[in-house]
Amino acid sequence: MPAAHIGAGAAQAADLALLHLILDVLEDNKAEETTVIDLRGKSAMADEMVIASGRSNRHVGSIADKLQEELKNAGHGKVKVEGLPHCDWVLIDCGDVIVHLFRPEVRAFYNLEKMWSAGRPVEMPLS
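Asker: Please clarify how the overall build of the chain should be interpreted in this entry.
Answerer: Helices and strands together make up the secondary structure of the chain, namely 4 helices and 5 strands. Its helices and strands in sequence order give the chain the pattern α-β-β-α-β-β-β-α-α, from N to C terminus. Within the chain, the proportion of its 127 residues that are buried is 33%. In the chain, of all internal contacts separated by at least 6 residues, the share reaching a separation of at least 24 is 55%. By element, 56% of the accessible surface of the chain is carried by carbon and sulfur atoms, the whole surface being about 8000 Å².

Asker: Honestly, the pairing of strand S5 (residues 97-102) in this entry has me stumped. Any pointers?
Answerer: Within S5, 6 of the 6 residues are buried, which leaves it mostly tucked inside the rest of the structure. With burial as the criterion, each face of S5 is covered, one bearing Val97, Val99 and Leu101 and the other bearing Ile98, His100 and Phe102. In this sheet, S5 lies alongside strand S2 (residues 48-53) in parallel orientation, the contact comprising 6 bridges. When the sheet's bridge partners are listed, Ile51 is paired in S5 with His100. Relative to S5, strand S4 (residues 89-93) runs antiparallel, the two being bridged by 5 bridges. Bridge assignment links Asp93 to a residue of S5, and that residue is Ile98. The antiparallel hairpin formed by S4 and S5 contains 3 residues in its connecting segment, where Gly95 sits at a positive phi of about 90 degrees.

Asker: Please explain the nonpolar core as it appears in this structure.
Answerer: A general feature of soluble globular proteins is that nonpolar side chains tend to end up buried together. Membership of the largest hydrophobic core comes to 21 residues, with the highest contact counts inside it found for Ile22, Leu26, Leu71, Ile92, Cys94, Val99 and Leu101. Elements with a minimum of two residues in this core: helix H1 (3-28), S2, helix H2 (57-73), S4 and S5. Those residues in contact with Cys94 that sit more than four places away from it in its chain are Leu18, Ile22, Leu71, Val79 and Val99. Membership of the second largest hydrophobic core comes to 9 residues, among which are Leu39, Met49, Ile98 and Leu112.

Asker: Looking at this structure, I do not really get the pattern of salt bridges. What am I missing?
Answerer: Side-chain pairs of opposite charge can arise whenever the charged atoms involved come near each other. Evaluation of the coordinates by the stated rule reveals 8 salt bridges. Across the pair Glu69 and Lys66 runs a salt bridge whose closest N-O atoms are separated by 3.5 Å. On the criterion of helical spacing, the pair formed by Glu69 and Lys66 is a turn pair, its members being 3 residues apart in helix H2. On the basis of relative accessible area, Glu69 is assigned to the partly exposed category, the value being 40%. Overall, the relative accessible area of 29% leaves Lys66 in the partly exposed class. Glu113 is paired through a salt bridge with Arg107; the nearest N and O atoms lie 2.4 Å apart. A residue is classified by how much of its surface remains accessible, and Arg107, at 7% relative accessible area, is buried. Connected through shared salt-bridge partners, Asp38, Arg40 and Glu48 make up one network.

So, how was this worked out
Residues numbered from 1 in each chain as written. Predicted model: local features only at pLDDT ≥ 70, side-chain atom pairs only at ≥ 80, totals over all residues. Heavy atoms only, no water. Helix = DSSP H or I, 4+ residues; strand = E, 2+ residues; numbered from the N terminus. Buried < 20%, exposed > 50% of the residue type's maximum accessible area, 1.4 Å probe, protein only. Contact = heavy atoms within 4.5 Å. Areas by Shrake-Rupley, 256 points an atom, 1.4 Å probe, with all protein chains shown as cover. Pairing = 2+ DSSP bridges. Core = buried A, V, L, I, M, F, W, Y, C linked by side-chain atoms within 4.5 Å. Salt bridge = Lys/Arg side-chain N within 4 Å of Asp/Glu carboxyl O.

Below, the structure written as structure tokens:
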């Protein structure tokens, strides 16, 4: 097997391990309505987007803090975080996975699931 395939497989396994770590932390910290959106072919910024809700600003902040701590403990270093300390919407950029944590009403307003779950536009040939 060529080295490029081995490297790609290892990278894919690391991405999957990162995604599972994030999902486990969200579940352990009682995040609600967790959704994973595959961004491959839709955006170069990440491979997956995880969207979850917390019951309040305090809950969203607590989930974000715990996720940062667990990512650091797992060797992912310091991740980029936006939205603290207000915690209506917290974005955690984990590299290949982007996590959005919302209060329910803010999540409904932005409706990222609808925006990012849509299929790619079909290119029409010019006539």
